[in-house]
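Results of the structural survey
Spelled out from the first residue to the last, the chains are:
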Amino acid sequence: MELSDTLHTLYTATVEQEGGTYQITVPEREIATGTLTEGETYRVALISTSASDTEATDTTEITQSAEYADHQQQYDGPPVEEGEQRDVEIENLGDQGDGIAKVEHGYVVIVPETSVGDRVTVEMQQVRENVAFADVVDRNPRREF
C-alpha cells in the first residue's frame, strides 16, 4: 500500500452529531506526539467501514479545537515494535487491497495479501507513530482472539 508523504496520521473515529454540526474526535495521542497541532487545519479522508460502502470516500477539512488540549495524556509510543509478532483479525481493506487490523487504542496495522475476516499471525516490519506495516507469518494461529 502506498501512502502519501503528506499523510500525518491514520486512525479510526466515529462521526458524531452535536447540535447542528458533525464532529470527528481526534485521539489525544495525535496531539501528545506532535503529529497534529491544535489550531491547525487538516484535510481528512473519510472511508466508510461498512462492507457495502468500503469504496465510498469523502474529504473535508476540520480545525482542531482547544478542548482537546485539556484531555492530553502521556503518550508511550506505538503499542507494537518492529519484529514483534501479533495475532490479529483483518477488519477492513485499504485502497490498495491490503488488510487493515487494529490493536490497542485503535492503532492500525496494515497487512498485505489478506482478506476481511482473516485471523493471522503477523510480524511488524515497519512501525510508525500512527501505523505499522506487517507481513503474515502464520495463517492458522493457535490462540483465540
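Source: prediction; values computed, not measured. (Residues numbered from 1 in each chain as written. Predicted model: local features only at pLDDT ≥ 70, side-chain atom pairs only at ≥ 80, totals over all residues. Heavy atoms only, no water.)

1. What about the sheet that holds strand β8 (residues 108-111)?
In space, the six strands of this open sheet follow the order β5-β9-β10-β8-β7-β6, with mixed pairing throughout. In this open sheet, the two strands that pair with only one neighbour each are β5 (85-89) and β6 (92-93). Summarising the sheet, strand β7 (residues 99-102) and β8 pair through four bridges and their orientation is antiparallel. Paired with Gly 99 across the two strands is Val 111, which belongs to β8. (Pairing = 2+ DSSP bridges. Helix = DSSP H or I, 4+ residues; strand = E, 2+ residues; numbered from the N terminus.)

2. So, the nonpolar core
Nonpolar side chains tend toward joint burial in soluble globular proteins. Of all hydrophobic cores here, the largest spans 13 residues; its most connected members are Val 88, Val 109, Val 122 and Met 124. If you list the elements that add at least two residues to this core, you get β8, β9 (119-127) and β10 (131-138). Take this core: its biggest share by element is three residues, from β9. Those residues in contact with Val 109, other than ones at most four positions away along the chain, are Gly 99, Ile 100, Ala 101, Val 103, Met 124, Ala 132 and Ala 134. Of all hydrophobic cores here, the second largest spans five residues; its members include Ile 100, Val 108, Ile 110 and Val 131. (Core = buried A, V, L, I, M, F, W, Y, C linked by side-chain atoms within 4.5 Å. Buried < 20%, exposed > 50% of the residue type's maximum accessible area, 1.4 Å probe, protein only. Contact = heavy atoms within 4.5 Å.)

3. Side note on the pairing of β8
Both faces of the sheet carry side chains from a regular strand, because those side chains alternate between them. Because side chains alternate across β8, one face comprises the buried residues Val 108 and Ile 110, and the other comprises Val 109 and Val 111, equally buried. Connecting the antiparallel pair β7 and β8 is a turn made up of five residues, with His 105 showing a positive phi of about 55 degrees. Judged from the three bridges that link them, β8 and β10 form a sheet pairing that is parallel. Counterpart to Ile 110 in the pairing with β10 is Phe 133.

Bear in mind that shape data such as this cannot, by itself, settle questions of function.
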